[in-house]
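Now for the letters of each chain:
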Amino acid sequence: DYPEILEARRTGRPVLAADAAQDPLLESVAGKLAAAGVGAVACFPLRAHGKFLGALMLRTREPMHEGRDLSLVATVAGAAAIERIPATIGFFGSG
């Protein structure tokens, strides 16, 4: 159950849950995330030619904030989608 991936697929936009425990989108998986020590989630859709290919997801123990680090990851996600390079960490295909 990955509601952040579903939202990124639906909107075509990155999803940032800076505080996973309080984010309404993650309510259904909040217990699992807390048990795993996840404090924040960022999910970047991988799209090419208008087609959803999958998502690159980051999970951290500490809160995340938009900025240079997330911008770099968004750039990597875009390159992976364009080149159709499957990311080896946090890549979930659409099937």
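Residues numbered from 1 in each chain as written. Predicted model: local features only at pLDDT ≥ 70, side-chain atom pairs only at ≥ 80, totals over all residues. Heavy atoms only, no water.

Caption draft 1: Just the overall build of the chain, in detail. Helix and strand counts for the chain stand at 3 helices and 4 strands. For the chain, the α and β elements follow one another from N to C terminus as α-β-α-β-β-α-β. Carbon and sulfur atoms provide 55% of the accessible area of the chain, an area that totals close to 6,000 Å². (Helix = DSSP H or I, 4+ residues; strand = E, 2+ residues; numbered from the N terminus. Areas by Shrake-Rupley, 256 points an atom, 1.4 Å probe, with all protein chains shown as cover.)

Caption draft 2: Region of interest: the nonpolar core. Of all hydrophobic cores here, the largest spans 14 residues; its most connected members are Ile5, Leu26, Leu33, Val41 and Cys43. The set of elements that each furnish at least two residues to this core consists of helix 1 (3–11), strand 1 (15–17), strand 2 (40–48) and strand 3 (51–60). (Core = buried A, V, L, I, M, F, W, Y, C linked by side-chain atoms within 4.5 Å. Buried < 20%, exposed > 50% of the residue type's maximum accessible area, 1.4 Å probe, protein only.)

Caption draft 3: Representation of helix 1 in the model. Among all positions in helix 1, only Pro3, Glu4, Ile5 and Ala8 are buried. Of the residues flanking the end of helix 1, it is Gly12, one or two places downstream, whose phi is positive at about 75 degrees.

Caption draft 4: Main features of the pattern of salt bridges. Under the counting rule described, the total for this entry stands at 2 salt bridges. The shortest N-O distance in the salt bridge between Glu4 and Arg59 comes to 3.1 Å. Residue Glu4 is found in helix 1, and its partner Arg59 is found in strand 3; the two are separated by 55 residues along the sequence. Residue class for Arg59 comes out partly exposed when judged on its relative accessible area of 38%. Put simply, Arg10 and Glu7 hold a salt bridge, and the shortest N to O gap is 2.8 Å. Taken together, the positions of Arg10 and Glu7, both in helix 1 and 3 residues apart, correspond to about one turn of that helix. In this structure Arg10 comes out as exposed when scored by relative accessible area, which is 62%. (Salt bridge = Lys/Arg side-chain N within 4 Å of Asp/Glu carboxyl O.)

Caption draft 5: Region of the structure containing the pairing of strand 3. In this structure, strand 2 lies alongside strand 3, joined through 9 bridges in antiparallel fashion. Bridge pairing in strand 3 places Pro45 opposite Ala55. What sits between the antiparallel neighbours strand 2 and strand 3 is a turn of 2 residues, in which His49 has the positive phi angle 55 degrees. (Pairing = 2+ DSSP bridges.)

Caption draft 6: Expanded view of the pairing of strand 2. Most of strand 2 sits inside the fold, with 8 of its 9 residues counted as buried. Inspection of the sheet shows strand 1 paired to strand 2 by 3 bridges, in the antiparallel sense. Note that in strand 2 the partner of Ala17 across the bridge is Val41.

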